[in-house]
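# Results of the structural survey
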Amino acid sequence: MSACWVVLGASSAMARAFSRQAAARGHSLILAGRDTLDLARDAADAVARGAASAEVAVWDTRLPETHAALAALAAESSGPLGVAVFAGAMPEQAVMDDDPSLISGLISDSFSGLAETVHRLAPLIEARGGTVLGIGSVAGDRGRLGNYLYGAAKAAFHTYLAGLRNRLGRRGAHVVTVKPGFVDTAMTWGLPGLFLVAAPEDVARACWRAIDKKRNVIYAPWFWMIIMLIIRLVPERIFKRLKI
Amino acid sequence: MIWAEKSYSGWGRVRRADGRLARPEKAAALPAIMAEADGTLAVIGGLRSYGDAALNAAGPGLVMTRLDRILAFDGETGLVDVEAGITIRTLVDVFAARGWMPAVVPGTGHATIGGAIANDVHGKNHHQAGSFGQYVDVLELLGPDGTARLVTPDTDPALFRATIGGVGLTGAIRAARLRLAPCPSTVMEVEERRMPDLDAFVEAFEASHHPFTVGWVDATARGADLGRGILEEADFASTPGKAKPAGRGPKIPVDAPGFLLSGPIVRLFNRAYYTRIPAAGRVRQRHLTRFLFPLDGLRDWNRLYGKRGFHQFQCVLPREATDSLGGLLEAVADAGLASPLAVLKKLGPGRAGMLSFPMEGWTLAVDFPNRARAAPLIARLEEMTLSAGGRIYLAKDALARPDAVAAMYPELPAFRAVLAECDPQARFQTDLARRLDLRGS
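Residues numbered from 1 in each chain as written. Chains lettered and ligands numbered in written order. Predicted model: local features only at pLDDT ≥ 70, side-chain atom pairs only at ≥ 80, totals over all residues. Heavy atoms only, no water.

### What to know about the overall build of chain B
- Helix and strand counts for chain B come out as 13 helices and 18 strands.
- Here the C-alpha radius of gyration of chain B, 21 Å, is about what a compact globule of 441 residues would show, namely 22 Å.
- Across its three principal axes, chain B shows a C-alpha extent of roughly 60 × 50 × 45 Å.
- Looking at chain B residue by residue over its 441 residues, the buried ones come to 60%.
- Taking the contacts inside chain B whose residues are at least 6 apart along the sequence as the reference set, 74% of them involve residues at least 24 apart.
- Carbon and sulfur atoms form 55% of the exposed surface of chain B, whose accessible area is close to 16800 Å².
- Each charge sign in chain B was given a centre, from 52 positive and 48 negative side chains, and these centres are 7 Å apart. (Helix = DSSP H or I, 4+ residues; strand = E, 2+ residues; numbered from the N terminus. Rg over C-alpha atoms; globule rule 2.2 N^0.38 Å. Buried < 20%, exposed > 50% of the residue type's maximum accessible area, 1.4 Å probe, protein only. Contact = heavy atoms within 4.5 Å. Areas by Shrake-Rupley, 256 points an atom, 1.4 Å probe, with all protein chains shown as cover. Lys, Arg positive; Asp, Glu negative; His and termini not counted. Charge placed at Lys NZ, Arg CZ, Asp CG, Glu CD.)

### Considerations on the packing of helix α3 (residues 64-75) of chain A against helix α5 (residues 103-128) of chain A
Residues and elements named next belong to chain A.
- Where α3 meets α5, the closest approach of the two axes is 9 Å, and the angle between their N-to-C directions is 20°. Here α3 is positioned roughly parallel relative to α5, judged by the angle of their axes. In this structure, the crossing between α3 and α5 has a hand that is right-handed. Residues Pro64, His67, Ala68, Leu70, Ala71, Ala74 and Ala75 of α3 touch α5, and the partners they reach there are Gly113, Glu116, Thr117, Arg120, Leu121, Leu124 and Arg128.
- When its residues are assigned to classes, the contact of α3 with α5 shows eight nonpolar, three polar and three charged. (Axes fitted to C-alpha atoms, helices over the stretch in contact; angles between N-to-C directions. Parallel < 35°, antiparallel > 145°, perpendicular 65-115°, else oblique. Left-handed = near helix turned anticlockwise from the far one by under 90°. Nonpolar A, V, L, I, M, F, W, Y, C, P; charged D, E, K, R; others polar.)

### Description of the packing of aromatic side chains
- Applying the stated criterion to the full structure yields 23 aromatic pairs over all chains.
- Residues Trp301(B) and Phe310(B) carry aromatic rings whose centres are separated by 5.6 Å and whose planes lie at 45° to one another, so their mutual orientation is tilted. In terms of burial, Trp301(B) and Phe310(B) fall into one category: buried.
- An aromatic cluster is built from Phe182(A), Phe195(A), Trp222(A), Phe223(A) and Trp224(A), whose rings are joined through pairwise contacts.
- Positioned above the aromatic ring of Trp189(A) is the side chain of Lys6(B), whose terminal nitrogen or guanidinium carbon lies 4.5 Å from the ring centre.
- Just above the ring of Tyr274(B) sits the side chain of Arg228(B); from NZ or CZ to the centre is 4.7 Å. (Phe/Tyr/Trp six-rings, centres within 6.5 Å; stacked < 30°, edge-to-face > 60°. Lys NZ or Arg CZ within 6 Å of the ring centre and 35° of its normal.)

Here it is in structure tokens:
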């Protein structure tokens, strides 16, 4: 059945790949983000690839009025409502160590701004049915020296999605948490020390498989499940001395 | 981050470059990146050219592959506006089922539209359809200062003809309007026949009326067998059949050992490959993508040549120069260096740019593992090509000399004149352009 998908942070490479697969399935799309000129190109692309329709919405994690406007726009669509959350920011840990005032912005971009928006859309999903897909991160599974502020925001988002799953599941709607490993996007371009880097198209495919199969929590690619299992099993008294 | 330190290479993996690369995902990022890149700049697509056409060892590079959106499509006329980073395969995948496809499709679907334009690529239908650039109506070109201009054959005929086939030296192609061709079926009917020798091959090509033709040549065969191979002729299937599209296929995970493509193994392989087609020939239905992109099913197949990489020699000879064609094949067979990949095809006259490769006649492409004997052999083939009035293909080249290329491309002075006007500071540079002195010193 054709649905309407709201894509938050729609101009990221992963979101773009996700939207294209949504378009190929004939869904309609609301592409939400800051760079609306660029999103207009994405919308044209989605329509050319088979989307029933594609609209652009101004949306900024730090501007609550855009969250309400987006919810109003989504209310005008019909059919099951999907919400795919790809927005997020990964500032360097060292930069935030030097200037802790940046932390609240990180929390807005990677957690609270997302939760606020999804929370405004949740009643629509309860009424119409649908799916929430949230992009978390393997970084949220355990606090590590290199990026625990980003990891903390992602961990909060994981917990939010788990609670939302509990809430929406009662109404027949579903919530998928996706924890990608390293993905080849603008966010990771040029970062040193990456390994097993996945293509955004592969992560998007994994997202759609998880939606179709109503999976709760997945890692993408799947082998990160094993890597993170091992990392989570390391006792804290040892882990606190590691530099990974 | 905007810039990443990368080590990258052409498809043949012989020519390499280390440098800073930017790969923007938003159109608005382009001017800033161009302003920030100091010195020269190479514009990079899918890195499917074999040599150094997209490399810039002396400066940064701009990778266009993430700017790959379809901006507009008219289902009545088949006109499509695309960003330059979109691949040929994506266009086939999106539009074939709706009855449209790129009018010209090269042998790999991983090439970008920007790269297809910059190399004015040809395909298996060149003898009838011409080259890729003949189906480009409008180009959006970023100049050396990062400003965009629309270039059409009417408004800027010289710049348009310099950009098509211009190996990225006139600017960064950001978007293009293409005229797609009707695609009556996603299934092709492919007839394969053994060609016992070169004469039979040439005769069969001349007699063929199929829109798509390509020949595989056993480049190890000598004497009476010289030029033997398999001719594939194809047309869209008139009866709807079922054929599976080419998937992503297996991936070559490591560099293969050098002996894999040694002389005796290649000779054995080629004999088996030749005789696999029944003596009476055969007709099969194949999915469009499998016919068009036969090697894309084996990801990273360039690793089969080991870590030293390989060269592809590709030339075109005038139609009457069939004797020279035989001479080239003899030289290749005598050297005993060829890989199983050797392709012969009849080209038509279609070309759209000043430095476009095609001319009416015969194109021969042969892969050689990068061993010590490869460069002298290719130099000899290049000389023979030049004296036969032919030319080599810049998209494949890694070894040619500037004077030979200047002799093969009579419009090079006109090309240089356009560059002097549109990019006087020589901002857009590549290793190929420096090696072959394409800008003129």
